[in-house]
Amino acid sequence: MTTTSPAHPAVTADWVALDDLHRDPFTIYARLRRETPVAYVPAAGRFFVTRYHDVHTVDHDPDTFTADETNSLMKRAMGHSMLRKDDPAHAVQRASYGGVLKPRAITQVWSARFTENFERFFAELTAKGPGADLVTDFAAPYAAENLRVVLGFENATHEDMLRWSQTMINGTGNYADDPQVWEAARRSYDEVDQALDEMLTRVRITPDDSLISHIAAFGDDEVTLADTRANLKMSIGGGINEPRDALATTVWALLDRPDQLIAVREKGCWKGAFEESVRWVAPIGMYPRQTTRAVELGGTLLPAGAKLGVVALSANRDEEVFERADEYDVFRPKVPHLGFGGGAHFCAGAWVARSQVADIALPALFDRLPGLRLDPEQPARIEGWVFRGMTALPVRW
């Protein structure tokens with residue numbers, strides 16, 4: 001007969017340090033999943049939720065696990081965006097994005113622009129020659145320029161987009177409360193507002209296909225200027241780091257696994273390679289929720305108002321769900337990953353990321369650079385836990 005263990009108060013995982021999470025969160029998460037899958041982590045000031053099924057539960061029960069966290073770092077860094085709201089407010093604001101980020105618009109409008117941007121930054125990468133860094137010399141500017149075009153910031157550059165994104169993202173993950181991080185995030189916050197206000201004025205006179213233009217036409221009865229400002233800042237954050245990190249991680253994984261690279265080339269399964277990367281190293285590694293009532297989760301009793309860290313980076317490596325979970329395997333049995341979130345907050349930019357990475361960049365990179373390989377003299381580097389991705393990927397060809 002199967003028995004169920006009684007729920008218990010949360011265990012405090014005071015052995016978890018933020019620096020260790022930044023370097024290698026996976027060893028820590030494996031221990032948490034095994035010993036205390038819902039545990040209070042003082043270093044982060046929240047309860048970490050590390051198992052797949054518990055994360056799924058949180059994603060699909062907003063009445064109990066609200067996205068509207070009090071004293072949210074994201075609200076401070078970017079404003080109160082739809083990502084920190086629940087339905088119906090979230091649904092209304094998401095509707096303001098319309099079909100701009102969906103497959104039909106990508107096919108009809110954006111994929112051609114992504115291809116143009118690939119050619120531009122591929123030329124810059126190859127001009128720098130072997131030893132160039134695939135992250136800083138290609139993936140980052142490529143993702144930033146794609147996002148600049150889709151959003152419609154005609155008065156900014158991809159360098160602006162990169163700076164805005166990184167500094168505000170640093171704010172959303174500023175659990176150490178570093179004042180310099182907040183100062184940089186605030187400068188970008190103000191710059192985005194100024195650029196957005198200018199573009200809203202322009203597109204009301206001359207509409208185009210951009211997201212800003214679509215939002216301007218939506219009206220401000222239900223979505224205010226403050227809402228739009230916050231939502232665009234949120235899009236600048238996730239809209240760069242997800243495709244950039246998924247692209248670089250996929251290249252790194254395949255170059256380190258020649259047999260899989262050969263098979264992917266032969267079968268043309270670049271989308272599978274992309275999805276496995278997002279599972280293996282979720283670019284958005286952790287996101288917050290807060291309990292609205294006392295609740296049991298994963299055998300742990302949580303009080304009302306408990307701040308949670310929903311750890312997709314861990315859930316996607318849950319050994320009870322994924323065979324050989326720590327391994328990168330394009331051909332593993334298909335199980336839905338949680339790398340784009342779930343429920344009402346499933347990432348609105350997922351199709352844009354898939355298009356620019358899996359449909360365009362990956363096949364073209366490996367086709368045009370058949371000798372692409374890791375640089376043996378300069379090691380690749382991957383870091384982070386709130387957001388995780390390659391910070392250096394020197395390559396040769």
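The coordinates are above.
The sections below set out a description of the structure shown in this document. What you see is a predicted model, and the numbers here were worked out from it, not measured in a lab.

What counts and how
Residues numbered from 1 in each chain as written. Predicted model: local features only at pLDDT ≥ 70, side-chain atom pairs only at ≥ 80, totals over all residues. Heavy atoms only, no water. Helix = DSSP H or I, 4+ residues; strand = E, 2+ residues; numbered from the N terminus. Rg over C-alpha atoms; globule rule 2.2 N^0.38 Å. Buried < 20%, exposed > 50% of the residue type's maximum accessible area, 1.4 Å probe, protein only. Areas by Shrake-Rupley, 256 points an atom, 1.4 Å probe, with all protein chains shown as cover. Lys, Arg positive; Asp, Glu negative; His and termini not counted. Charge placed at Lys NZ, Arg CZ, Asp CG, Glu CD. Phe/Tyr/Trp six-rings, centres within 6.5 Å; stacked < 30°, edge-to-face > 60°. Lys NZ or Arg CZ within 6 Å of the ring centre and 35° of its normal.

Brief notes about the overall build of the protein chain
- A count of helical and extended segments in the protein chain gives 15 helices and 13 strands.
- Taking 2.2 N^0.38 as the reference for a compact globule, 397 residues should give roughly 21 Å; the C-alpha atoms of the protein chain span a radius of gyration of 21 Å, in line with that estimate.
- If one aligns the C-alpha atoms of the protein chain with their principal axes, the spans along those axes are about 60 × 55 × 40 Å.
- For the protein chain, the residues scored as buried account for 55% of the 397 residues in total.
- Approximately 16,800 Å² of the protein chain is accessible, and the part contributed by carbon and sulfur atoms is 52%.
- Looking at the protein chain, you have 43 positive and 56 negative side-chain charges, and the mean spots of the two groups are 1 Å apart.

A closer look at unusual backbone geometry
- Here Asp87 and Pro88 are connected by a cis peptide whose omega angle stands at 10 degrees.
- For Pro88, the position within the fold is in the loop between helix H4 (73-78) and helix H5 (89-95).
- For Asn71, which is not glycine, the phi torsion reads 50 degrees and is therefore positive.
- If you trace the backbone, Asn71 turns up in the loop between strand S5 (65-66) and H4.
- Given the relative accessible area of 71%, Asn71 is considered exposed.
- Phi at Asp177 takes a positive value of approximately 55 degrees, unusual for a residue other than glycine.
- With respect to the helices and strands, the residue Asp177 is situated in the loop between helix H8 (158-172) and helix H9 (179-205).

Observations regarding the packing of aromatic side chains
- Taken as a whole and assessed by the stated rule, the structure comprises 16 aromatic pairs.
- For the ring pair Phe340 and Phe346, a centre distance of 6.1 Å and an interplane angle of 65 degrees mean the geometry is edge-to-face.
- For Phe340, a relative accessible area of 5% corresponds to the buried category.
- The exposure class of Phe346 is partly exposed, given its relative accessible area of 26%.
- Ring pairs connect the aromatic residues Tyr29, Phe48, Tyr175 and Trp385, which therefore count as one cluster.
- Stacked on the ring of Trp182, the Lys or Arg Arg76 has its end atom at 3.8 Å from the ring centre.

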